Amino acid sequence: MIVVKTYCFKLYKAKRNRKLHKVINIAGIIYNHCIALHKRYYRLFKKSLNIYKLQKHLTKLKKIGKFSYFKEVGSQAIQDITQRIDRACKLFFRNLKHKIRTAPPSFKKIRKYKSFTLKQAGWKLLKDNAIEINKQKYKYFKSRDIEGIVKTITIKRDTLGDIYLYFVCETNENKVLARTGKSVGYDFGLKQFLTASDNKDIKAPLFFKQNANDIKKANRILSRKKKTSNHRRLAKIALARLHKKISNQRKDFHFKLANKICSEYALICIEDLNIKGMQKRWGRKISDYGFSEFIKILEYKAREIGSIVQKIDRYYPSSQICHVCGTKNPETKNLAVREWICAKCKTSHDRDRNAAINIWKVGASTFFGEI
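First, a word on what this report is: a plain description of the structure on this page. Predicted, not measured: the structure shown is a model, and the values here were computed from it. In this numbering scheme, every chain counts its residues from 1 along its sequence in written order. Per-residue local features are limited, in this predicted model, to residues with pLDDT of at least 70; the limit for side-chain atom pairs, both in listing and counting, is 80 or more; totals at the level of whole chains, interfaces and linings are taken over all residues. The side-chain numbers reported here are obtained from all heavy atoms of the structure, hydrogens and water having been left aside.

**Observations regarding the packing of helix α1 (residues 17-45) against helix α3 (residues 75-97)**
How two helices sit against one another is set out by the angle between their axes and by the gap between those axes. Angular values range over 0 to 180 degrees, each being the angle between N-to-C directions of two axes fitted as lines to C-alpha atoms, with helices fitted over their stretch in contact. Strands are runs of DSSP state E lasting at least two residues, helices are runs of H or I lasting at least four, and both sets are numbered from the N terminus onward. The N-to-C vectors of α1 and α3 enclose an angle of 40°; their axes lie 10 Å apart at closest approach. It follows from the interaxial angle that α1 and α3 lie oblique. Crossing hand, α1 versus α3: right-handed. Taken together, the residues of α3 that come into contact with α1 (itself represented by A27, I30, Y31, C34, I35, H38 and Y42) are I78, I81, T82, I85, C89 and F93. All residues other than Ala, Val, Leu, Ile, Met, Phe, Trp, Tyr, Cys, Pro, Asp, Glu, Lys and Arg, Gly among them, are scored as polar; the first ten of these are nonpolar and the last four charged. Classifying every residue of the contact of α1 with α3 gives eleven nonpolar, two polar and no charged. Roughly parallel covers angles under 35 degrees, roughly antiparallel covers those over 145, roughly perpendicular covers 65 to 115, and oblique covers all other angles. In a left-handed crossing the near helix is turned counterclockwise from the far helix by less than a right angle, and in a right-handed crossing that turn is clockwise. Residue contacts are defined here by distance: any two heavy atoms, one from each residue, within 4.5 Å place the two residues in contact.

**Concerning the sheet that holds strand β10 (residues 265-271)**
Two strands are counted as paired when DSSP detects at least two bridges linking them. The mixed open sheet is built from four strands, whose spatial order is β9-β8-β10-β11. Of all the strands in the sheet, the pair left with one neighbour each is β9 (194-196) and β11 (308-312). The sheet shows a mean angle of 30° between the axes of neighbouring strands, direction not considered. Both strand β8 (residues 182-188) and β10 contribute to a ladder of four bridges, which runs parallel. Residue pairing in the sheet places G185 in a bridge with C269 of β10. Strands in contact with helix α6 (residues 230-264) are β8, β9 and β10; relative to β10, the strand with the most contacts, it is inclined by about 120°. On the sheet, helix α9 (residues 291-305) packs against β8, β9, β10 and β11 and is oriented at approximately 140° with respect to β11.

**Regarding the side chain of N329**
Its place among the elements puts N329 in the loop between β11 and β12 (339-341). Think of it in three bands: residues with accessible area under 20% of the maximum for their type are buried, residues over 50% are exposed, and the middle band is partly exposed, with areas taken using a 1.4 Å probe on protein chains only. Take N329: its relative accessible area is 14%, and that puts it in the buried class. With residues up to four places along the chain from it excluded, the contact list for N329 reads Q320 and W340.

**Considering a positive patch on the surface**
Patches here are clusters of residues that have more than 30% relative accessible area and form no salt bridge, with a 9 Å joining cutoff for like charges and a 5 Å cutoff for nonpolar side chains (Val, Leu, Ile, Met, Phe, Trp, Tyr). Residue exposure ignores everything except the shown protein chains as possible cover, and the areas themselves are Shrake-Rupley values with a 1.4 Å probe. For this analysis, a salt bridge means a side-chain nitrogen from Lys or Arg found within 4 Å of a carboxyl oxygen belonging to Asp or Glu. Charge convention: Lys and Arg are scored as positive, Asp and Glu as negative, and His as well as the terminal groups of each chain are ignored. Taken as the charge centre is NZ of Lys, CZ of Arg, CG of Asp or CD of Glu, depending on the residue. A cluster of like positive charges, contributed by K191, K209, K216, K217, R220, R224, K225, R284 and K285, occupies part of the molecular surface. Of all the elements in the fold, those that place two or more residues in the positive patch are α5 (212-224) and α8 (284-289). Counting residues per element, the positive patch draws most heavily on α5, which supplies four residues. Take K225: it is sitting in the loop between α5 and α6.

**So, the pairing of strand β6 (residues 149-157)**
With four bridges joining them, strand β2 (residues 115-118) and β6 adopt antiparallel strand pairing. Across the sheet, residue T117 finds its bridge partner in β6, namely T154. Sheet topology places β6 next to strand β7 (residues 163-172); eight bridges connect them, and they run antiparallel. Following the sheet pairing, I153 is matched in β7 by F167. As consecutive antiparallel partners, β6 and β7 are separated by five residues, and within that stretch G161 has a phi angle of approximately 90°, a positive value.

**So, the sheet that holds strand β5 (residues 136-139)**
Judged by pairing direction, the sheet is antiparallel, and its three strands sit side by side in the order β3-β4-β5 without closing on themselves. The sheet is open, and its two borders are formed by β3 (123-126) and β5, each paired with just one other strand. For this sheet, the mean angle separating the axes of adjacent strands, direction not counted, is 25°. Note that strand β4 (residues 130-133) and β5 share four bridges and pair antiparallel. In the sheet register, E132 faces β5, and the bridge partner there is K137.

**Examining the environment of Y69**
By the element assignment, Y69 lies in the loop between α2 (51-61) and α3. Along the backbone, Y69 and I26 are 43 residues apart, and their C-alpha atoms lie at a distance of 7.9 Å. Not counting residues within four places of it along the chain, the set of residues in contact with Y69 comprises I26 and I29.

**So, the packing of aromatic side chains**
The criterion for an aromatic pair is that two Phe, Tyr or Trp rings (for Trp, the six-membered ring) have centres within 6.5 Å, with stacked assigned to planes under 30 degrees apart, edge-to-face to planes over 60 apart and tilted to the rest. Applying the stated criterion across every chain, the model contains 20 aromatic pairs. Here the aromatic rings of Y12 and F141 are separated by 4.3 Å at their centres, their planes lie at 40°, and the arrangement is tilted. With Y12 in the loop between β1 (2-10) and α1 and F141 in the loop between β5 and β6, this pair connects stretches of sequence that are 129 residues apart. Residue class for Y12 comes out partly exposed when judged on its relative accessible area of 34%. The lysine or arginine in question, K108, covers the ring of Y31, its NZ or CZ lying 4.9 Å from the ring centre. Criterion for a charge above a ring: Lys NZ or Arg CZ within 6 Å of the ring centre, and within 35 degrees of the ring normal. In this arrangement the basic side chain of K156 is found over the ring face of Y166, its NZ or CZ atom lying 5.7 Å from the centre.

Purely geometric stuff here, so don't read any function into it on its own.
Structure below.
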């Protein structure tokens with residue numbers, strides 16, 4: 001079985017990195033040029049510009065002195081830019097057809113443009129955690145060995161100006177057999193991160209909330225700086241560093257928690273949540289929990305260890321049904337109802353605990369029914 005893995009490594013800070021920043025800026029210029037051509041073509045002919053015509057046009061353009069600097073990016077990187085725009089245009093027209101709210105790909109500020117991708121040419125892996133990109137040698141922090149065949153390398157910068165290498169590799173991964181052991185159901189909540197069916201609840205540190213005062217202070221400092229000044233640039237970097245710290249704290253918490261859960265349980269039952277709907281309704285707190293990212297990490301760790309993540313239908317009324325007798329209580333649709341008593345069996349329920357037990361029961365019965 002062929003598995004695609006991505007490895008991320010950070011480049012050492014060095015003056016030669018300016019060359020990569022310059023190439024990323026040129027890639028941004030090419031991207032905006034292609035967007036302009038797409039818009040003009042659609043305005044004239046009312047249809048999307050063919051990707052092959054666009055690539056031929058860019059090849060001719062590089063031979064003109066005015067646009068000769070496009071060559072610094074590399075032909076395969078330019079092809080990747082046109083392919084990404086083509087996919088975005090096709091997605092836009094598909095969404096229009098299905099009456100989904102959407103927007104076409106648009107221009108990007110050059111300083112905010114983040115990356116370019118190299119495929120077979122333009123790079124070479126060297127010994128001692130070094131890489132050659134466009135005939136220039138760079139060193140990167142190597143935390144582990146790269147497994148498999150490297151298919152593409154993406155050079156990406158963040159808001160702090162740091163540059164990262166993303167190696168996309170194809171590898172033959174040995175199939176991990178599902179193991180036997182305990183099972184659990186988890187209800188994602190607003191009061192705490194996870195409510196467990198076996199009472200082993202998990203509270204989430206709200207990292208954004210913890211650092212809110214520092215972010216407010218950094219925002220106030222930024223707003224007082226004169227636009228285009230060096231002091232404003234430094235204040236912006238300080239704010240970006242704070243946001244990155246929060247993101248790293250949350251990711252670290254998610255990975256450690258996913259590893260712990262997958263090591264303890266063989267079957268993990270969760271709801272298939274509508275994260276976007278939850279964000280619209282409850283806002284910043286849902287974003288601070290990072291449910292969507294946690295689910296991806298949990299599924300990744302489960303595949304690695306041999307556990308199973310079983311999702312139940314998002315429309316299943318887990319908090320409304322009594323887990324003892326199965327009686328439905330529609331009053332619990334109101335989220336203000338945190339505790340309730342079943343009218344039939346008189347069992348007292350905590351809303352989230354009852355939901356977690358129902359998720360566990362339905363998830364386990366679904367999983368064993370599929371076997």
